[in-house]
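# Structural characterization, general
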Amino acid sequence: MDLQKIASTGTAVTVLGTGAFVGGNHVVDQQTGGPERRQSEQIEQIRQVVAEELYLQLKDAFPPKTGGVSGKKDSPPLNYRQVTPQR
C-alpha cells in the first residue's frame, strides 16, 4: 500500500511540475509579446510570397521583346473632312 501512495504522489508531483513549467512558459511568452511577434512574422512571409508571385505575373505580362507591328497598307488614309466612307 505504501508503494502505491508513493507512486501516486510521484506521478502527481510530475504532472504539477510539468503544468507549472508549461504555464510559466506561456506567461513569459505573453509578457514578451510572443503572439504579436509570430503574427508579424507570418504577415511578412505572406508579403514575400505575394511579392514573388506579383513579380512573376508582371514579368510574364510584359515580355522584354515584342514582334513587329504590321499595319493595313492596302488602302490610303482617308481625310474624313473631305470624304465620308460608305456604310
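Before going into details, it helps to say that this report is about the structure given with it. For every chain, the first residue of its written sequence is number 1, and the numbers climb from 1 along that sequence. Under the rules for a predicted model, residues below a pLDDT of 70 receive no local features and side-chain atom pairs below 80 are neither given nor counted, while totals for whole chains, interfaces and linings still include all residues. The side-chain values count all of the structure's non-hydrogen atoms but skip hydrogen atoms and water molecules.

Moving on: the overall build of the chain. Check the secondary structure of the chain and you find two helices and zero strands. Counting over 87 residues, the chain shows a buried share of 3%. What sets the accessible areas is the Shrake-Rupley method with a 1.4 Å probe; for residues, cover comes only from the shown protein chains. Surface accessibility of the chain: about 8,800 Å² in total, with carbon and sulfur atoms responsible for 59%. Segments assigned H or I by DSSP are reported as helices when at least four residues long, segments assigned E as strands when at least two residues long, and all are numbered from the N terminus. Throughout this description, buried means an accessible area under 20% of the type-specific maximum (1.4 Å probe, protein chains only), exposed means over 50%, and partly exposed covers the range between.

This brings us to a nonpolar patch on the surface. Exposure above 30% relative accessible area and no salt bridge define the residues that can form patches, which grow by joining like charges within 9 Å and nonpolar side chains of Val, Leu, Ile, Met, Phe, Trp and Tyr within 5 Å. Salt bridge, as used here, is a side-chain nitrogen of Lys or Arg placed within 4 Å of a carboxyl oxygen of Asp or Glu. Taken together, Leu-54, Leu-58 and Phe-62 make up a surface patch of nonpolar side chains, about 340 Å² in accessible area. Looking at the secondary structure, you find Phe-62 in the segment after α2 (34-61). Here Phe-62 falls in the exposed class, since its relative accessible area comes to 61%.

Keep in mind that these numbers describe shape and distance, not what the molecule does.
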